[in-house]
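One letter stands for each residue in the lines below.
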Amino acid sequence: MKTIDLAKETVRDLNQALHDQASACTETEWEVLNPKGQHNLAVGVDQKLKIDIKGHAGYYCGGMNKEADIVIHGSAGQGVAENMMSGSVRVKGNASSSAGATSIGGLLVIEGDAGSRCGISMKGSDIVVTGSVGHMSCFMGQAGTLVVCGDAGDALGDSLYEVHIYVKGQVKSLGADCVEKEMRPQHIEELIELFERAGIKEDPHAFKRYGSARQLYNFKVDNASAY
Amino acid sequence: MCGIVGLYLKNDKYQSRLGELFAPMMIAMTERGPDSAGFAIYGDAVESGIKFTLRHEDENYDWEALAKAIEEALVTKVDWFQNNKVAVFKVEADADLVENYLRENHPDVLIMSAGSSIEILKEVGLPERIVNMFNLDKMQGSHIIGHTRMATESAVTMAGSHPFSTGMDLCLVHNGSLSNHNRMRQELKRNGIHFDTENDTEVAAGYLTYRLQQGDSLHQALENALKELDGFYTFTIGTKDGFAVVRDPVACKPAVIAETDDYVAMASEYQALTTLPGIENAKVWEPEPSTIYVWERGSN
């Protein structure tokens, strides 16, 4: 295992060392010490690495991740796993706003709470939050799954496209064009599979499903005469 | 952008180390605000009279002569000491009397703050320079709030530097921008609030001063601010005995709070909190939108 101590080396050193693994993989297990809330830790990784960040991370940790499995042993700042392509990011603590923003693939697990705009404009990733999510979560979400085991804040799923949203607790309010939908057998199966991948124990039958009413996201032919 | 930081001590344990604990918090926010920096520290309270922090552009300004002039003009006693371009004057007189005297007779002297406990120190430049210039790490007190500025709506000048104070012992720092500050400044001026600059943050400070004058508690004043102030903001506010944090309903300007048995600390980013004692076991959270967090001596 390779250890990088950010009390002695810079974030640039860390990220360059991780990027170098893309062309020639010499070390698959990495440990990062003394992150102390610094930004841009382990961004743009493009290799099947296992990266443990031992402490709190700042903004955009694990952003653009491809293939790596990143664990943050603390809380994460804004935009954790933003634009993730594949692999996984696990946050042991809480995550700030815009967790998993625009993420295209992979799995983001937040073991604590997530702030506002969790999964904003997500495009195919799976996000599992053991706690609650803040307001405007999944705003303009296009594809993928957002699972919230706690509560959701105001305007959940506003202007939603095709993300499957599941919430166990209370939803403070639904955003424009987001509605509650029937839980069918395939949705229970989807949750069982997701909980297994996320390594958490939850009863899928306790969740409600929310999705797009599909009234907003494409042009209505009835409006053609307005032009 | 801008960075804001605050440290409020819940007991006496760290009072003698307040400046030393706060200096690295300010410096950690340099990336968010490299243009100017400042802080308002609460401590060394006067039992009677008023404490002013005054600033003059000339480092060799004759503060002793100013003290004597005030003593003669207002028939009172002045204690004073100098810290770089700033001097702290403790005057046994009515605050308005002193402020009017200074504005009329010494318009080149800038009044940074007035109150029984507050001192505001700010300058243009990197936070580290300002921290060293005023020997922040030697300062003592009960609470302190600071600001590192990346200028947006007004120039990189002393006038645009934070923190702003518009009322006795009240101080506010702000990350964000207000959209209805112009009209509100006009309304507040009609209600007797004095403004020194065209800065939006000064209007927020002026609004709180006005509400407190109307009899609001700090909590009520902030509830009203949430209704009346339009824009993006995270505010941290200091009063003689209190400390408050509030974010607008959208909450897109960052804030994180850490609390232990001994202190409450807030910062724009967690990395400004990492040097505090016991931070590993502190309760750390992000303040909710439209939610008022207040700590006041004697009330909690």
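If you're wondering where the values come from, they're calculated on a predicted model, not measured in any experiment.

Q: Any chance you could explain the overall build of chain A here in plain terms?
A: Within chain A, the regular secondary structure consists of 2 helices and 11 strands. Reading the secondary structure of chain A in the N-to-C direction produces β-α-β-β-β-β-β-β-β-β-β-α-β. Computed over the C-alpha atoms, the radius of gyration of chain A is 18 Å, within 12% of the 17 Å expected from 2.2 N^0.38 for a compact globule of 227 residues. When its C-alpha atoms are laid out on the principal axes, chain A stretches across 60 × 45 × 25 Å. The buried share of chain A, taken over its 227 residues, is 50%.

Q: Before we go on, may I ask you to explain the interface of chain B and chain A in this structure?
A: Interfaces are often sized by the amount of accessible area the parts lose when they come together. Facing the 9 residues of chain B at the interface are 12 residues of chain A. Of the residues assigned to the side of chain B that touches chain A, the class counts are 5 nonpolar, 2 polar and 2 charged.

Q: Looking at this structure, I do not really get the sheet that holds strand β1 (residues 2-5) of chain A. What am I missing?
A: Across a sheet, strands are paired by hydrogen bonds formed along the backbone, either parallel or antiparallel in direction. Residue and element names in this part refer to chain A. Overall, mixed pairing links the 11 strands, which are arranged β1-β2-β3-β4-β5-β6-β7-β8-β9-β11-β10 in an open sheet. The sheet is open, and its two edges are formed by β1 and β10 (178-181), each paired on a single side. On average, adjacent strands in this sheet sit at an angle of 15° to one another, irrespective of strand direction. As judged from the 4 bridges shared by strand β3 (residues 50-54) and strand β4 (residues 69-72), these two strands associate in the parallel manner. Across the sheet, the residue bridging to aspartate 52 is valine 71, located in β4.

Q: Any chance you could explain the environment of Ala22(A) here in plain terms?
A: Summarising the element assignment, Ala22(A) is placed in the loop between α1 (11-20) and β2 (29-33). Residues contacting Ala22(A), with those up to four places away along its chain left out, are Asp46(A) and Gln47(A).

Q: How should I be thinking about the sheet that holds strand β1 (residues 3-9) of chain B in this particular structure?
A: All names here are of chain B. The antiparallel open sheet is built from 7 strands, whose spatial order is β7-β2-β8-β1-β14-β13-β15. Every other strand in the sheet has two partners, leaving β7 (118-124) and β15 (283-285) as the edge strands with one partner each. Along the sheet, successive strands turn relative to each other by an average axial angle of 10°, direction set aside. Across 4 bridges, strand β13 (residues 256-259) lies against strand β14 (residues 263-267) in antiparallel orientation. Within the sheet, the bridge partner assigned to alanine 258 lies in β14 and is alanine 265. In the packing of helix α1 (residues 18-28) onto the sheet, the strands contacted are β1, β2 (36-42), β8 (143-149) and β14, and the crossing angle to β1 comes to about 160°.

Q: Explain the pairing of β7(B) to me, please; I cannot follow it from the model alone.
A: Looking along a regular strand, one sees the side chains alternate between the two faces of the sheet. Residue and element names in this part refer to chain B. A large share of β7 lies buried, amounting to 5 of its 7 residues. Bridging between β2 and β7 involves 7 bridges; their strand directions are antiparallel. Looking across to β7, one finds that isoleucine 41 is bridged to glutamate 119.

Q: Help me out: how do you make sense of the pairing of β3(A) in this one?
A: Residues and elements named next belong to chain A. Only one face of β3 is covered, namely the face carrying Ile51 and Ile53; the face carrying Lys50, Asp52 and Lys54 is uncovered. As paired elements, β2 and β3 share 5 bridges and run parallel to each other. Bridge pairing links glutamate 29 to lysine 50 in β3.

Q: Sorry if this is basic, but what is going on with the packing of helix α5 (residues 181-190) of chain B against helix α6 (residues 200-213) of chain B here?
A: The relative placement of two packed helices is expressed as an angle between their axes plus a distance between the axes. Residues and elements named next belong to chain B. Where α5 meets α6, the axes come as close as 10 Å, and the angle between the chain directions of the two elements is 40°. When the axis of α5 is compared with that of α6, the two are oblique. Considering the relative orientation of α5 and α6, their crossing is left-handed. Contact with α5, carried on its side by His181, Met184, Arg185 and Leu188, involves Asp200, Val203, Gly206, Tyr207 and Tyr210 of α6 and no other residues of that element. Among the residues forming the contact of α5 with α6, the class breakdown is 5 nonpolar, 2 polar and 2 charged.

Q: Could you clarify how one ought to interpret the environment of Ala282(B) in this entry?
A: Residues and elements named next belong to chain B. Within the secondary structure, alanine 282 is located in the loop between β14 and β15. For the pair alanine 282 and alanine 265, spaced 17 residues apart in sequence, the C-alpha separation works out to 9.9 Å. Setting aside anything within four residues of it in sequence, one finds alanine 282 in contact with Ala258, Glu259 and Thr260.

Q: Would you explain the domain arrangement of chain B in this entry?
A: Residues and elements named next belong to chain B. Taken domain by domain, chain B holds domain 1 (3-45 + 125-296) and domain 2 (46-116). Centre-to-centre separation of domain 1 and domain 2, based on C-alpha positions: 24 Å. In this complex, domain 1 contributes 9 residues to the contact, which on the side of domain 2 involves 8 residues. Of the residues that constitute the side of domain 1 that touches domain 2, the class distribution is 6 nonpolar, 1 polar and 2 charged.

Q: Sorry, what's going on with the nonpolar core here?
A: A general feature of soluble globular proteins is that nonpolar side chains tend to end up buried together. Core analysis: the biggest nonpolar cluster contains 86 residues, and Met26(B), Ala204(B) and Ala267(B) have the highest contact counts within it. At 7 residues, α1(B) tops the list of elements feeding residues into this core. If you count residues domain by domain, this core takes at least three from each of domain 1 (3-45 + 125-296) and domain 2 (46-116) of chain B. Filtering out sequence-adjacent residues up to four positions away, Ala267(B) remains in contact with Val5(B), Met25(B), Met29(B), Val256(B), Ala272(B) and Leu273(B). Among the nonpolar cores identified, the runner-up in size contains 63 residues, and Val32(A), Ile53(A), Ala81(A) and Val133(A) belong to it.

Q: I would appreciate a short explanation of the environment of Thr274(B) in the present structure.
A: Note on placement: Thr274(B) falls in the loop between β14 and β15. Judged by C-beta crowding, with 21 C-beta atoms within 10 Å, Thr274(B) ranks as buried. Measuring from C-alpha to C-alpha, the distance between Thr274(B) and Asn11(B) comes to 20 Å, with 263 residues separating the pair along the chain. Here Thr274(B) is in contact with Lys36(A), Gly37(A) and Ile279(B), once residues within four sequence places are set aside.

Q: Can you walk me through α5(B) in this structure?
A: Structural remark: α-helix, 3.6 residues per turn; residues separated by three or four positions point the same way. Residues and elements named next belong to chain B. All of the buried residues along α5 are His181, Met184, Arg185 and Leu188. Taken around the axis of α5, the buried residues stretch over an arc of 105°, which confines them to a single face. With respect to the buried face of α5, the exposed residues turned more than 90 degrees away are Asn182, Arg183, Gln186 and Arg190. The inward-facing, buried residues of α5 abut β10 (170-178) and α6.

Q: Which parts of the structure should I look at to understand unusual backbone geometry?
A: A negative phi angle characterises most non-glycine residues, just as the trans form characterises most peptide bonds. Residues and elements named next belong to chain B. Residue histidine 162 is joined to proline 163 through a cis peptide bond whose omega torsion reads 0°. You can see proline 163 is positioned in the loop between β8 and β9 (164-167). Of note, the phi angle at asparagine 84 is positive, near 60°, even though the residue is not glycine. In this structure, asparagine 84 sits in the loop between β4 (78-83) and β5 (86-91). On the basis of neighbour count, asparagine 84 is assigned to the partly exposed category, with 14 C-beta atoms found within 10 Å.

Conventions we followed
Residues numbered from 1 in each chain as written. Chains lettered and ligands numbered in written order. Predicted model: local features only at pLDDT ≥ 70, side-chain atom pairs only at ≥ 80, totals over all residues. Helix = DSSP H or I, 4+ residues; strand = E, 2+ residues; numbered from the N terminus. Rg over C-alpha atoms; globule rule 2.2 N^0.38 Å. Buried ≥ 20, exposed ≤ 12 C-beta atoms within 10 Å, placed from the backbone. Contact = placed C-beta atoms within 7 Å. Nonpolar A, V, L, I, M, F, W, Y, C, P; charged D, E, K, R; others polar. Pairing = 2+ DSSP bridges. Axes fitted to C-alpha atoms, helices over the stretch in contact; angles between N-to-C directions. Parallel < 35°, antiparallel > 145°, perpendicular 65-115°, else oblique. Left-handed = near helix turned anticlockwise from the far one by under 90°. Domains from an automatic or database assignment. Core = buried A, V, L, I, M, F, W, Y, C linked by C-beta atoms within 7 Å. Arc of directions from axis to C-beta.

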